[in-house]
There are 2 protein chains.
Amino acid sequence: MWNENRVTDLLHITYPIIQAGMAGGVTSPTLVAAVSNYGALGNIGAGYMTSTQLREHIQEIKKRTDNPFGVNVFVPETPEVHTAQIEKVDTYLAPFREALNVQKVAVNTPSTITYEEQINVIMEEKVPVCSFTFGIPSKEVVQRLKQENIVLIGTATTVQEAMANEAIGMDIVVAQGSEAGGHRGTFLHSSKEAMIGTTALVPQVVDRVQIPVIAAGGIMDGRGILSALILGAEGVQMGTAFVTSEESGANELHKEAILQSTEDASVVTKVFSGKEARGIRNDFVDKMEVYEDELPKYPIQNMLTQPLRKEAAKQQRPEWMSLWSGQGSRLSKRQSVRDMMDHIVEEIDHLIQHKLYKW
Amino acid sequence: MWNENRVTDLLHITYPIIQAGMAGGVTSPTLVAAVSNYGALGNIGAGYMTSTQLREHIQEIKKRTDNPFGVNVFVPETPEVHTAQIEKVDTYLAPFREALNVQKVAVNTPSTITYEEQINVIMEEKVPVCSFTFGIPSKEVVQRLKQENIVLIGTATTVQEAMANEAIGMDIVVAQGSEAGGHRGTFLHSSKEAMIGTTALVPQVVDRVQIPVIAAGGIMDGRGILSALILGAEGVQMGTAFVTSEESGANELHKEAILQSTEDASVVTKVFSGKEARGIRNDFVDKMEVYEDELPKYPIQNMLTQPLRKEAAKQQRPEWMSLWSGQGSRLSKRQSVRDMMDHIVEEIDHLIQHKLYKW
């Protein structure tokens, strides 16, 4: 698409399109392999996986593709557990638990062990690409991964965060605009300050870092991709567009909720995990957002609501599930990865050949 | 730029670039004429003008350009005046008034008279273009203006609002993304729902209306313009980029605040006018946002703070002024309209000729 594209060069892919490493079961081996087989970059969302689960996923994907793929990990946070706070929030969650017949959950003290084990698995399995969300890894982790020639991708929601990613040694940085679905990657700012729209964020990041920038947030089709490349990004990351694909492991109710939603349906909320994330407003958000300031930090709130959301999915109650979605949801389609990518390639060819001419 | 562009055709302009009709003194006749003389569309921000002031501006601009220009008006709102509420807010404003030595202001009951007079002036002066913010005009106003062959532009922040603009008979609709500086044009939604980033908003609007769409929000240079056109817009509206131009009538402190700000410096707040608007966070926002839910509606709050902001400007106290700015502010420059436009044209030519090629 561009005369020079460092993202496709670095990642050894044909198309500068990254399937976001969404945690929570969306990134099935089928999805990741389908994306990589097409010539884009599939990614495992390892955020909530044990290292054993991660290794199984990696090995499963290797059976299905010889092309590069990546793993996305969450840089861990280890807030203190405050029993009184948890007991209070448990009373807010009681009505949902009772309606679903779910037991109270025991909260484990957050640790960094899973993360460290995940990094080891990624190195042992020689996964070609490792991306990070919720912060930047330590210099030591960066060095270890680089020694294995693993390409590193960081996430930023502001210019300052992009510069921090570059400084620690990331090869590529994702600029996550406010339109993006799922968790905000913000780690140096308050969540309100760091809600910069993709159109504004991308060129300002591009101007301030030397490493290539991948645009994310509201990008759903060829128009979005080409427009991001014009802004100076050298690639795009798409999440919501892949959630509704046939290969995605997302719950059917989640897919349907996105497919039927409008651009104004989503809200950025901490009620599900204790960390801001964009999802479709539903009854759980309506009822819990009044307590938003009282909730424990990520990942504690996530532990508290996880069994409840899992059971809500089983009992087909989308009103209590986390329905992560970006703001481009009217453009979502239920289609195979191949059809989606074919259409994107066609659309971009058409835009370049037939629409653009000189002023 | 496009083989067919209805925006340049309808507006009889060379470049599909609209200078936003920013109220409050930014759109000096010098600025409007400079933009129109270049072949883009200059706009008077008539929001706070009397009909006499508006007529003077129009006549001044006619002396300076033979090219088309427009007037932006606010569709009026006439909330009830609640004396007790105003007295309460007056106590919150007292510390600022005292520090600046400003008298308490009398609040007039909001009426639609100024708006109706503005429409008459626009018709009498045969201004080629009339644009609307804060809602849609009545069918009757639309018909009267159309009989004079005045091109009508509406403002939308969601797909539904764009459809309402099309239904009432607007010729063109501006899709205002969440990045945009100044007042939000939202009129059918809650302000929180209607914060859709430009990258997500534009293609979803384009898919749902037949009339041409102008993209707004975070667009500061050739990259932003070309990217919006790729998203399906047939033109762009730029506000912040023109505020810091040499020809702009904005206060120097306002210009400096934008020039020195970062992408995360702004906040959407009701504290200045009673209606959500994006501006650079300062002491006035910090101190008043705790009362946000108690403030009277637009335009009452605007009347209460207006003399205070005016005096703050006089006394060189930007911390108490309304420093409207979009999220693209790192890309702002102090330059003449001609230099800015020359650079944009060059940049777009370069992007089209040298950067794009086939996949």
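For the structure itself, consult the block above.
What you are looking at is a predicted structure, and each value in this text was computed from that prediction instead of being measured.

Trainee: Which residues make up the overall build of chain A, and what values do they have?
Mentor: When you go through chain A residue by residue, the secondary structure sums to 14 helices and 11 strands. Relative to a compact globule of 359 residues, whose C-alpha radius of gyration would be 21 Å, chain A shows 20 Å and is just as compact. Within chain A, the proportion of its 359 residues that are buried is 62%. Partitioning the intrachain contacts of chain A with sequence separation of at least 6 by distance along the chain shows that 69% fall at a separation of at least 24. Total accessible area on chain A is roughly 13,700 Å²; 46% of this is exposed by carbon and sulfur atoms. For chain A, the centre of its 33 positive side-chain charges and the centre of its 44 negative side-chain charges are spaced 1 Å apart.

Trainee: Explain the sheet that holds strand 2 (residues 42-45) of chain A to me, and be specific about the residues and the numbers.
Mentor: Residue and element names in this part refer to chain A. Strand order in the open sheet made by the 8 strands is 1-9-8-6-5-4-3-2, with parallel pairing throughout. Edge positions in the sheet fall to strand 1 (17-19) and strand 2, since each of these pairs with one other strand and no more. Taken pair by pair, the neighbouring strands of this sheet meet at an average axis angle of 25°, ignoring direction. Sheet topology note: the strand 6 (residues 172-176)/strand 8 (residues 213-216) ladder contains 4 bridges and is parallel. Among the inter-strand pairings, Val174 is bridged to a residue of strand 8, identified as Ile214. Sitting on the sheet, helix 5 (residues 113-124) touches strand 3 (69-74) and strand 4 (129-133), and the angle it makes with strand 3 is about 165°. Set on the sheet, helix 7 (residues 159-168) makes contact with strand 5 (151-156) and strand 6; between it and strand 5 the angle comes to about 160°.

Trainee: I'd like a rundown of the interface of chain A and chain B, residues and numbers included.
Mentor: Every contact between the two is made by 52 residues of chain A and, on the other side, 52 residues of chain B. When the two sides are added together, the surface that chain A and chain B hide from each other amounts to roughly 4,800 Å², 60% of it contributed by carbon and sulfur. Inspection of the region where chain A meets chain B yields 2 salt bridges. Between A:Asp207 and B:Arg223 there is a salt bridge, with the nearest N and O atoms lying 2.9 Å from each other. At the surface where chain A touches chain B, the tally comes to 17 residue pairs in polar contact (both at pLDDT 80 or more). Only helix 7, helix 8 (198-206), helix 9 (222-230) and helix 14 (337-355) of chain A provide two or more residues apiece to the side of chain A that touches chain B. Considering each element in turn, the side of chain A that touches chain B owes the most residues, 8 residues, to helix 14 of chain A. Class assignment for the residues of the side of chain A that touches chain B results in 23 nonpolar, 18 polar and 11 charged.

Trainee: So what about the sheet that holds strand 4 (residues 129-133) of chain B? Which residues, and what values?
Mentor: Residues and elements named next belong to chain B. On the basis of which strands lie adjacent, the open sheet formed by 8 strands has the order 1-9-8-6-5-4-3-2 and parallel pairing. The sheet is open, and its two borders are formed by strand 1 (17-19) and strand 2 (42-45), each paired with just one other strand. In this sheet, adjacent strand axes meet at a mean angle of 25° when their direction is disregarded. Where strand 8 (residues 213-216) meets strand 9 (residues 235-238), 3 bridges bridge the pair, whose relative direction is parallel. Pairing of Ala216 across the sheet is with Gln237, part of strand 9. In the packing of helix 7 (residues 159-168) onto the sheet, contacts are made with strand 5 (151-156) and strand 6 (172-176), and the angle to strand 5 comes to roughly 160°.

Trainee: Can you break down the packing of aromatic side chains residue by residue, with the values?
Mentor: Applying the stated rule across the entire model yields 20 aromatic pairs over all chains. Summarising the aromatic geometry, the rings of A:Phe272 and A:Trp324 are spaced 5.5 Å apart at their centres and angled 85° between planes, so their arrangement reads as edge-to-face. Of the two residues, A:Phe272 sits in the loop between strand 10 (266-269) and strand 11 (277-280) while A:Trp324 sits in the loop between helix 13 (300-314) and helix 14, which places them 52 residues apart along the sequence. Classification of A:Phe272 as buried rests on a relative accessible area of 2%. Relative accessible area serves as the criterion here: at 16%, A:Trp324 is assigned to the buried category. Each ring, one from B:Phe96 and one from B:Phe284, has its centre 4.8 Å from the other, and the planes form 55°; the classification is tilted. Here B:Phe96, found in helix 4 (residues 83-100), pairs with B:Phe284, found in helix 12 (residues 283-288); they are 188 residues apart in sequence, far enough to count as distant. Looking at B:Phe284, the relative accessible area reads 0%, which means it is buried. Each member of the aromatic cluster is reached from another via a ring pair, and the members are A:Phe96, A:Phe272, A:Phe284, A:Trp320 and A:Trp324. The ring of A:Phe134 has A:Lys275 sitting right over it, with the charged end atom 4.3 Å from the ring centre. Directly above the ring of A:Trp320 sits A:Arg317, whose terminal nitrogen or CZ lies 4.3 Å from the centroid.

Trainee: Give a detailed account of the environment of B:Leu100, specifying residues and quantitative values.
Mentor: Residue and element names in this part refer to chain B. Within the fold, Leu100 resides in helix 4. As for Leu100 and Arg309, which are separated by 209 residues in sequence, their C-alpha atoms are 9.5 Å apart. The contacts of Leu100, once residues within four sequence positions are left out, are Leu308, Glu311, Ala312, Gln315, Arg317 and Trp320.

Trainee: Lay out the relation of the copies chain A and chain B with the relevant residues and their values.
Mentor: With an RMSD of 0.0 Å, the operation that places chain A on chain B is a rotation of 180° combined with a shift of 0.0 Å along the axis. This pairing of chains is accounted for by a two-fold axis. In terms of proximity to the rotation axis, the leading residue of chain A is A:Ser227, whose C-alpha is 2.1 Å off the axis. Taken as a fraction of all interface residues of chain A, those also at the interface in chain B reach 100%, which identifies the copy contact as same-surface.

Trainee: How would you summarise a negative patch on the surface if you had to cite specific residues and measurements?
Mentor: Residues and elements named next belong to chain A. A contiguous patch of negative charge, built from Glu246, Asp339, Asp342 and Glu346, is present on the exposed surface. Along the chain, Glu246 turns up in the loop between helix 10 (240-243) and helix 11 (252-259). Using a relative accessible area of 52% as the deciding quantity, one classes Glu246 as exposed.

Trainee: An account of the pattern of salt bridges is requested, with residue identities and associated values reported.
Mentor: Residue and element names in this part refer to chain B. Scanning the entire structure with this criterion turns up 46 salt bridges over all chains. Note that Asp286 and Arg281 form a salt bridge whose closest N and O atoms lie 2.8 Å from each other. For Asp286, a relative accessible area of 41% gives the class partly exposed. With a relative accessible area of 34%, Arg281 lands in the partly exposed category.

Trainee: Mind laying out the pairing of strand 6 of chain B, listing which residues take part and the relevant values?
Mentor: Residue and element names in this part refer to chain B. Strand 6 sits mainly inside the fold: 5 of its 5 residues count as buried. Side chains Ile172, Val174 and Gln176 project from strand 6 onto one buried face, and the interleaved Val173 and Ala175 project onto a second face that is buried too. For strand 5 and strand 6, the ladder comprises 4 bridges, and the chain directions are parallel. Bridge pairing links Gly154 to Val173 in strand 6. The β-α-β motif built from strand 5, the intervening helix 7 and the parallel element strand 6 has right-handed crossover chirality.

Trainee: Would you mind going over the side chain of A:Ser227 in detail, with residue names and values included?
Mentor: Along the chain, A:Ser227 falls in helix 9. Setting aside its immediate chain neighbours within four residues, A:Ser227 contacts B:Ser227, B:Ile230 and B:Leu231.

Trainee: Pulling in residues and values, what's your account of the pairing of strand 4 of chain B?
Mentor: Residues and elements named next belong to chain B. Judged by how many residues are buried, strand 4 sits mostly within the fold: 5 of 5 residues are covered. Here strand 4 shows no split at all, with Val129, Ser131 and Thr133 on one side and Cys130 and Phe132 on the other all buried. Pairing geometry for strand 3 (residues 69-74) and strand 4, over 5 bridges, is parallel. Of the residues in strand 4, the one forming a bridge with Val73 is Phe132. As paired strands, strand 4 and strand 5 are joined by 3 bridges and run parallel to one another. Among the inter-strand pairings, Ser131 is bridged to a residue of strand 5, identified as Ile153. Remark: the strand 4/helix 6 (residues 139-147)/strand 5 crossover connection has right-handed handedness.

Thresholds applied
Residues numbered from 1 in each chain as written. Chains lettered and ligands numbered in written order. Predicted model: local features only at pLDDT ≥ 70, side-chain atom pairs only at ≥ 80, totals over all residues. Heavy atoms only, no water. Helix = DSSP H or I, 4+ residues; strand = E, 2+ residues; numbered from the N terminus. Rg over C-alpha atoms; globule rule 2.2 N^0.38 Å. Buried < 20%, exposed > 50% of the residue type's maximum accessible area, 1.4 Å probe, protein only. Contact = heavy atoms within 4.5 Å. Areas by Shrake-Rupley, 256 points an atom, 1.4 Å probe, with all protein chains shown as cover. Lys, Arg positive; Asp, Glu negative; His and termini not counted. Charge placed at Lys NZ, Arg CZ, Asp CG, Glu CD. Pairing = 2+ DSSP bridges. Axes fitted to C-alpha atoms, helices over the stretch in contact; angles between N-to-C directions. Buried area = accessible area lost by both parts, 1.4 Å probe. Salt bridge = Lys/Arg side-chain N within 4 Å of Asp/Glu carboxyl O. Polar contact = N/O pair within 3.5 Å; in protein donor to acceptor, adjacent residues only side chain to side chain. Nonpolar A, V, L, I, M, F, W, Y, C, P; charged D, E, K, R; others polar. Phe/Tyr/Trp six-rings, centres within 6.5 Å; stacked < 30°, edge-to-face > 60°. Lys NZ or Arg CZ within 6 Å of the ring centre and 35° of its normal. Least-squares fit on C-alpha atoms with pLDDT ≥ 70 in both. Patch = residues over 30% accessible without salt bridge, like charges linked within 9 Å, V, L, I, M, F, W, Y side chains within 5 Å. Right-handed = clockwise from strand over helix to strand, strands pointing away.

The values reported here are purely geometric and, on their own, carry no functional implication.
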